[in-house]
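Analysis of the macromolecular model
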Amino acid sequence: MAIADLANPSRFLTLANRSIPWLGGLTVIVFAYGIDQAMLAPDDYQQGATVKIMFLHVPSAWLGMLGWGLMTVAAFGTLVWRHPLADVAAKAAAPIGAAFTLLCLVTGSLWGRPEWGTYWVWDARLTSELVLFLLYLAVIALWRTVEDPSRAARAAAILTLVGAIDLPIIKFSVDWWNTLHQGASVFRLGGSTIYPTILMPLLVMAVAFTLLFFTLHLAAMRNEILRRRVRTLRLMQANAVS
Amino acid sequence: MDPANHMGFIVAAYAATLVIVGALIAWVMLDYRAQQRTLAELDRRGVSRRSAPAPAMEQAKEQA
Amino acid sequence: MTPLAAILVRDMRIAIRVGGGALIGVLFFVVVVTLIPFAVGPDLPLLKRIGPAILWLAALLASLLALDRLFSSDHEDGSLDLILMSRAPLELVVLAKGVAHWLTTGLPLIVAAPLVGLLLNLDAPAELTLVVTLLVGTPALTFIGLIGAAIAVTLQRGGLLLAVIVLPLTVPVLIFGVAAANAAVVGPAPFGTPFTILCALTLASLVVGPFAAAAALRQEME
């Protein structure tokens, strides 16, 4: 099947129907292996057992950023090629990216409590992740405010692109601001290198989370296509009556 | 800091992950069912895409 | 008179006349700053320490809330359609509207800031750095806000959505603006570094803001 065929929503639906069970199954297998490895991983000599939270925290942080990256690519599809499937991809990615960013914040704060003695510190990484979360919520709010789907897609695409420009600047300024205000609680991961015994499970978990992300994204895209189909049918029905 | 206390935080983190990921999966699945049901309902009432006169129109409507 | 100058003058006239709301922004600014001591207590050393931060935050909110009607009133009376059809590049028109907006709401804030600063126990050097940072930083707030105003142009509840969209994007401006303003009050940081970055942010927003806002307007008005 050529890439161009995927651009047709109906073909995409067929492909999604076929691949979602396989992707889901693969996700479960990799997760089982990853969690097994994570449980067997040795404790960090500085942080003890709480290093196990890292296996959740780091992959969800990565997926929070991947979500915005995906939305940025889709935004080009929306604005340049006016492709409906790009709209669908962008809309489906927003809640999933937001959920993983929230997960990153929650696990980060649960990790912070035993390590730093408080649930929240204005640590540079946590802070920029919080701003990312707020931006996700803003995009979702925009999607929910504009009635017409393709107009909502274009407004959201512009916000996504502006966010993609601003996010690195936010990251940089938060880093700068953080080192200015509190150098003491800057957080280091057990020295400068990660041991292979901890790195391996982390990588497996990252792969598992990424698979989960794409499975959910594919399923959410399928839902969105169906939702648009319902909308089109309702409009047709309304037109037929009037 | 006693390890038992730490265990609580680790369990809480894994539980939070389970809740959030579970909520995502539930949302996606319930949404799928709801859309399928609505489509079936519309189909039952005789509103269907197949009633569109030409494939060209169908394409145009999908893009709308 | 070129079309851009005409738009500049027109927007400023509309803002200043009855119903324009240029001075409401300043009033909002003064009211917000006045409320802060009631919340944190009449502790003059504390107010002096957090004074620049309070003034910056109030200026951020005031300049954003005033942006609400920038494009939507033009959309309602149809002049936005005329602007879109005109031969003047939309990006430059948006730039002119942004400049007009800054002159009528941003500049009065900066004039009022030293007076309100007195209430927060700021001394002369602190007042001076504050005014300079606001002078350099508020255009960035206006031009980032333009994007939100353009996105929300056709929406019913645009005002609240505008704030939700734009406020996270202004984090860098707030950080460097307050850091530079704080240099004269507390701050381990020197004035130069954050101030230079603040200038850079303003220049970047002068470019990105009109382009993104013009793109949003074209998409919305199709």
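None of these values were measured; they are calculated from a predicted model.

Some thoughts on the packing of aromatic side chains
- For the coordinates displayed, the defined rule picks out seven aromatic pairs over all chains.
- Arg222(A) extends its terminal NZ or CZ atom over the ring of Tyr32(B), reaching a point 3.7 Å from the ring centre.

Considerations on helix 1 (residues 3–16) of chain C
Residue and element names in this part refer to chain C.
- Spanning 14 residues, helix 1 covers 20 Å between terminal C-alpha atoms, matching the ideal 20 Å at 1.5 Å per step.
- By the burial criterion, the buried members of helix 1 are Ile7, Asp11 and Ala15. Taken end-on, helix 1 shows its buried residues confined to a sector of 65°, consistent with a single buried face. In helix 1, the exposed residues that point more than 90 degrees away from the buried face are Arg13 and Ile16.
- In the core, the buried residues of helix 1 are packed alongside helix 2 (22–40) and helix 6 (90–119).

Some points on the environment of Leu174(C)
Residue and element names in this part refer to chain C.
- Topologically, Leu174 is positioned in helix 9 (residues 171–182).
- Residue classification places Leu174 among the partly exposed residues on the basis of a relative accessible area of 24%.
- The spacing of Leu174 and Leu198 is 24 residues in sequence and 9.0 Å in space, taken between C-alpha atoms.
- When near neighbours in sequence (up to four residues on either side) are disregarded, Leu174 contacts Trp56, Leu57 and Leu60.

Quick notes on helix 2 of chain C
Residues and elements named next belong to chain C.
- What helix 2 keeps buried is the set Ala22, Gly25, Val26, Phe29, Val32 and Val33. Buried residues of helix 2, viewed axially, fall in a sector of 120°; they line one side. Structural note: helix 2 exposes Leu23, Ile24, Leu27, Leu35 and Phe38 on the side pointing more than 90 degrees away from its buried face.
- Those residues of helix 2 that are buried lie in contact with helix 1, helix 3 (44–65) and helix 6.
- One or two positions beyond helix 2, positive phi appears at Gly41, with a value near 95°.

Quick word on the side chain of Asp31(B)
- Along the chain, the position of Asp31(B) falls in helix 1 (residues 3–44).
- Those residues in contact with Asp31(B) that lie beyond four places of it in its chain are Asn223(A) and Arg227(A).

Some thoughts on the interface of chain A and chain C
- With 27 residues of chain A at the interface, the matching set in chain C holds 28 residues.
- Counting the contacts that link chain A with chain C gives zero salt bridges.
- For the pair chain A and chain C, the interface holds two residue pairs in polar contact (both at pLDDT 80 or more).
- Put simply, the parts of the chain that give the side of chain A that touches chain C at least two residues each are helix 5 (124–145) and helix 6 (149–181) of chain A.
- At 17 residues, helix 6 of chain A tops the list of elements feeding residues into the side of chain A that touches chain C.

What counts and what doesn't
- Residues numbered from 1 in each chain as written.
- Chains lettered and ligands numbered in written order.
- Predicted model: local features only at pLDDT ≥ 70, side-chain atom pairs only at ≥ 80, totals over all residues.
- Heavy atoms only, no water.
- Phe/Tyr/Trp six-rings, centres within 6.5 Å; stacked < 30°, edge-to-face > 60°.
- Lys NZ or Arg CZ within 6 Å of the ring centre and 35° of its normal.
- Helix = DSSP H or I, 4+ residues; strand = E, 2+ residues; numbered from the N terminus.
- Expected span 1.5 Å × (residues − 1).
- Buried < 20%, exposed > 50% of the residue type's maximum accessible area, 1.4 Å probe, protein only.
- Arc of directions from axis to C-beta.
- Contact = heavy atoms within 4.5 Å.
- Salt bridge = Lys/Arg side-chain N within 4 Å of Asp/Glu carboxyl O.
- Polar contact = N/O pair within 3.5 Å; in protein donor to acceptor, adjacent residues only side chain to side chain.

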